[in-house]
Amino acid sequence: MVVTQGFCDLTLMVPLIWAELSLPCNVRQLYALVCETQRYSAVLDAVIASAGLLRAEKKLRPHVAKVLVYELLLGQGFQRGGGRWKPLLARHQARLKAELARLKVQRGVSRNEDLLELGSNPGSALQMPRFVRVNTLKTCIDDAIDYLKRQGFSYQGRASSLEDLRALKGKHFLLDPLLPELLVFPSHTDLHEHPLYQAGHLILQDKASCLPAMLLAPPPGAHVIDACAAPGNKTSHLAALLKNQGKIFAFDLDAKRLASMATLLARAGVSCCELAERDFLAVSPSDQRYRQVQYILLDPSCSGSGMVARQLEEPGAGLPSKERLQALAGFQQRALCHALTFPALQRLVYSTCSLCQEENEDVVQEALQKSPGAFRLVPVLPSWPHRGLGTFPGAEHCLRASPETTLTGGFFIAVLERVEVLSSTSPTKTPEQPRTAASALKRKRKRRQKPAACASVRPGM
Ligand SMILES: C[S@@+](CC[C@H](N)C(=O)[O-])C[C@H]1O[C@@H](n2cnc3c(N)ncnc32)[C@H](O)[C@@H]1O
């Protein structure tokens, strides 16, 4: 485990560092160097860990290593000293530079300063508001708001921007500007003991984690697969969207997680879900039980590098080794390609709580390439500020999320839909069938020809 030195620890070590590094600068310059090192502390921890510097150099103390690596990669490159450590650092220079470059690619940034905004600033994560989804299987938004008001919370209406969320204080709460059933409280609010949470009327779920079900948007009556489902927050959201009508086939490999999922679903009043302890990769797309599955949610195991709690405990800790990243991306890739072979599939949401391109844009790009022309990325939520990395044409249709840009945990979401082949022999659509861009266009043309009843619209699309 890499231990991050606190600000005070490192500055108290200035005399020691001065002696160790033989830097011919004055005390003020040395303090500036130490403070800058501290500012980049999480970035340096991540680079030092992934380059294996402390494992290779047992005599190198962590605080000295951090200052040295700062000077090498982000400072003046030892033009002003370095003492006996200079040749040692020269041996590791190429690996350290490569790890910094890899970190920038993973985080989707080009400048060193931009790394500071992503994950090295725990303060921003602490200021994230608390998001609370109202479980519409058990209550409605107005009743939940009334109850909370009677308990001394002050409802401020629907927020109009992220700034409104950032400014929340005291016992004030808002409706999220984008998600219809999401309440937003100041960061210090803890509702774990609240009776509405205990009774399953409220689900404590980050906003980014509410997006996959909302964007999959299965209508009541639809058949849905939740491929990697436990512990089940997204499954319960899907059930709420289905109004418990239709079917969710939920799979997971982990028996313990499935057991807590069963409790969570029971508390949330979910009755349309079939839970199975199964490897999704072994679920046969030709099995007749899944012939009507038009929607799949795939939220596979990932490195969790976007998880704020993990970053707060140990900055840089979520960054996986190359080997782990390869293994995860391989599984994610197989799972996505497998999901796309379900014959009736129309719409799929792929999501991770990872910041790594390898687990996100790369997985989606490869899956699209493996089934050329069959599926496309849907351009969702045009107003969402943080988009997929521009690694291939269309990647900007994907969504990214982070504490700094969206006031949420780090997340990635891609929505894929089947490309419709227009043919005169196509069966007539039933009301349950999902709306692809092509079918929406056909409907629009029809509407122009004759006045029609109101069509419901997917939220925010
Ligand atoms: C990111 S978590 C899912 C979180 C869940 N969607 C939610 O919102 O609560 C990934 C899950 O995938 C499960 N998993 C990993 N490999 C699997 C596989 N081959 N088949 C099914 N589930 C798998 C893990 O046990 C883990 O529970």
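Residues numbered from 1 in each chain as written. Predicted model: local features only at pLDDT ≥ 70, side-chain atom pairs only at ≥ 80, totals over all residues. Heavy atoms only, no water.

- If you check an unreviewed UniProt entry, the chain appears there as 28S rRNA (Cytosine-C(5))-methyltransferase from Echinops telfairi.
- In its Sequence similarities (unreviewed entry) section, the UniProt entry covering the chain states "Belongs to the class I-like SAM-binding methyltransferase superfamily. RsmB/NOP family." (UniProt positions renumbered as here; feature names shortened; annotations may be inferred.)

1. Regarding the overall build of the chain
- The number of helices and strands found in the chain is 20 helices and 13 strands.
- Counting the 461 residues in the chain, one finds 51% classified as buried.
- When contacts within the chain are restricted to residue pairs at least 6 apart in sequence, long-range pairs at least 24 apart make up 69% of them.
- Working note: accessible area of the chain is about 21,100 Å², and carbon and sulfur atoms make up 55% of it. (Helix = DSSP H or I, 4+ residues; strand = E, 2+ residues; numbered from the N terminus. Buried < 20%, exposed > 50% of the residue type's maximum accessible area, 1.4 Å probe, protein only. Contact = heavy atoms within 4.5 Å. Areas by Shrake-Rupley, 256 points an atom, 1.4 Å probe, with all protein chains shown as cover.)

2. Some remarks on the pattern of salt bridges
- One pass over the structure, following the stated rule, counts 14 salt bridges.
- A salt bridge links Glu-99 to Arg-95, with the nearest nitrogen and oxygen atoms 3.2 Å apart. Of the two residues, Glu-99 and Arg-95 are both situated in helix H7 (residues 85-107); the distance of four residues between them amounts to about one turn of the helix.
- Judged by its relative accessible area of 41%, Arg-95 falls in the partly exposed class.
- For Arg-347, the salt bridge is made with Glu-417, and the minimal N-O distance between the two is 4.0 Å. On the criterion of sequence distance, the pair formed by Arg-347 in strand S10 (residues 347-352) and Glu-417 in strand S13 (residues 411-418) is long-range, its members being 70 residues apart. In this pair, the class of Arg-347 matches that of Glu-417, namely buried.
- Shared partners join several salt bridges into a network, and the residues in it are Arg-95, Glu-99 and Lys-322. (Salt bridge = Lys/Arg side-chain N within 4 Å of Asp/Glu carboxyl O.)

3. Quick look at the confidence of the model for the chain
- With 79% of its residues at a pLDDT of 70 or more, the chain shows a mean pLDDT of 83.
- Confidence drops under pLDDT 50 across residues 1-9; counting only partners more than four residues distant or on other chains, this segment forms 18 contacts.
- Predicted confidence is poor over residues 118-123, with pLDDT under 50, and the contacts of this stretch with residues over four places away or in other chains come to 14 contacts. (pLDDT = per-residue confidence, 0-100.)

4. A word on the site of the ligand
- The immediate surroundings of the ligand are formed by 19 residues, with Lys-234, Asp-252, Arg-257, Asp-279 and Asp-299 found nearest.
- A distance of 2.6 Å is found between an oxygen atom of the ligand and a side-chain nitrogen or oxygen belonging to Arg-257.
- Phe-280 has a polar backbone atom sitting 2.9 Å from a nitrogen atom of the ligand.
- Within the complex, 88% of the 600 Å² of free accessible area of the ligand lies under protein.
- In the shell around the ligand, the residues fall into nine nonpolar, three polar and seven charged. (Near = heavy atom within 4 Å. Polar contact = N/O pair within 3.5 Å; in protein donor to acceptor, adjacent residues only side chain to side chain. Nonpolar A, V, L, I, M, F, W, Y, C, P; charged D, E, K, R; others polar.)

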